[in-house]
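In case you want the letters, here they are:
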Amino acid sequence: MAKKKPVQRTVQCYHCENRFDVSAKAMTVSCPACNRPLMVEDVVIKTAHAVRKLQTCGRIVIQKRGRVMADLVVGQEAIEVMGILETKQAKAGTVYIRPKARWRGDCHARSVVIEAGARVTEGHFVVPDTTL
Ligand SMILES: [Zn+2]
């Protein structure tokens, strides 16, 4: 039987922007460049969530009843909002603002998808942000 290769994916450190490979099953890792802990799993928000920073190398998904209030929100792969996001600054690969979602805050992303029915009440958008 052929041995299966472990599935790897490339992530980018949100502290120092170093890119490296991790196992697809990893949830948290330490960045080999800056040694700081990184969350790499997807974060799904189902309820109200007030934090200073919400960061992952994966995706942040804010569900319909979810609400995030944070100074900084980073989803290196993507941020998908179906509920409410209120932040000073969000950074993501791709931002999806779904119908009925509410967005307030600055946004730096490679691309943004705002669907009909979504509400963006405030924020300075930089798209594409090529440093991401
Ligand atoms: Zn790093």
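All chains use their own residue numbering, which begins from 1 and follows the written sequence. Only residues with pLDDT of 70 or above have their local features reported here, since the model is predicted, and side-chain atom pairs are shown and tallied only from 80 upward, although totals for entire chains, interfaces and linings are computed over all residues. Side-chain measures were taken over the full set of non-hydrogen atoms in the model, leaving aside hydrogen atoms and water.

Some remarks on the overall build of the protein chain
Thought 1: Secondary structure assignment for the protein chain yields 0 helices and 12 strands.
Thought 2: Secondary structure elements are defined from DSSP: runs of H or I of at least 4 residues count as helices, runs of E of at least 2 residues count as strands, and each element is numbered from the N terminus. Listed N to C, the secondary structure of the protein chain is β-β-β-β-β-β-β-β-β-β-β-β in terms of helices and strands.
Thought 3: Over its C-alpha trace the protein chain gives a radius of gyration of 15 Å, about what one expects of a compact globule, namely 14 Å for 132 residues.
Thought 4: With respect to the principal axes defined by its C-alpha atoms, the protein chain has extents near 50 × 35 × 25 Å.
Thought 5: Relative accessibility under 20% of the residue-type maximum defines a buried residue, over 50% an exposed one, and the middle range a partly exposed one, all with a 1.4 Å probe and only protein chains included. In the protein chain, buried positions account for 41% of the 132 residues.
Thought 6: Contact between two residues is taken to exist if any of their heavy atoms lie within 4.5 Å; hydrogens are not considered. Taking contacts inside the protein chain between residues at least 6 apart in sequence as the whole, the part at least 24 apart equals 9%.
Thought 7: Approximately 7,900 Å² of the protein chain is accessible, and the part contributed by carbon and sulfur atoms is 50%.
Thought 8: Neither His nor the chain ends contribute to the count of charged residues, in which Lys and Arg are positive and Asp and Glu negative. The location of each charge is read from NZ of Lys, CZ of Arg, CG of Asp or CD of Glu. Taking the average place of the 22 positive charges on the side chains of the protein chain and the average place of its 12 negative ones, the gap between the two points comes to 5 Å. The globule rule used here is 2.2 Å times the number of residues to the 0.38 power, and the radius of gyration it is set against is calculated over C-alpha atoms. Residue-level accessible areas treat just the shown protein chains as cover; the underlying method is Shrake-Rupley with a 1.4 Å probe.

Quick notes on the coordination of the zinc ion
Thought 1: Donors, by definition, are the N, O and S atoms found within 2.8 Å of a metal, the threshold being 3.2 Å for Na, K and Ca, and water is not counted, so a site can look incomplete. At this site the zinc ion is bound by Cys 13 (SG), Cys 16 (SG), Cys 31 (SG) and Cys 34 (SG), with donor distances of 2.3 Å.
Thought 2: For a four-donor site, all angles between 85 and 135 degrees give tetrahedral; for four or six donors, opposite pairs above 155 degrees with the remaining angles between 65 and 115 give square planar or octahedral; all remaining cases count as irregular. Around the zinc ion sit 4 donor atoms, and with donor-metal-donor angles ranging over 106 to 115° the site reads as tetrahedral.
Thought 3: Donor residues binding the zinc ion come from one chain and are separated in sequence as C-x2-C-x14-C-x2-C. Taken together, the residues span a long stretch of sequence, with Cys 16 in the loop between strand E1 (8-12) and strand E2 (19-23) and Cys 34 in the loop between strand E3 (28-30) and strand E4 (37-39) at a distance of 18 residues.
Thought 4: A relative accessible area of 35% places Cys 16 in the partly exposed class.

Here we look at the packing of aromatic side chains
Thought 1: Each Phe, Tyr or Trp ring, with Trp reduced to its six-membered ring, pairs with another whose centre is within 6.5 Å; inter-plane angles below 30 degrees give stacked pairs, above 60 give edge-to-face pairs, and intermediate values give tilted ones. Under the counting rule described, the total for this entry stands at 1 aromatic pair.
Thought 2: Between Trp 103 and Phe 125, the aromatic rings sit 5.9 Å apart at their centres with planes inclined by 50°, giving tilted as the arrangement. Taken together, the positions of Trp 103 in strand E10 (residues 102-114) and Phe 125 in strand E12 (residues 125-126) put the pair 22 residues apart, joining distant regions of the chain.

Don't take any of this as a statement about function, it's just geometry.
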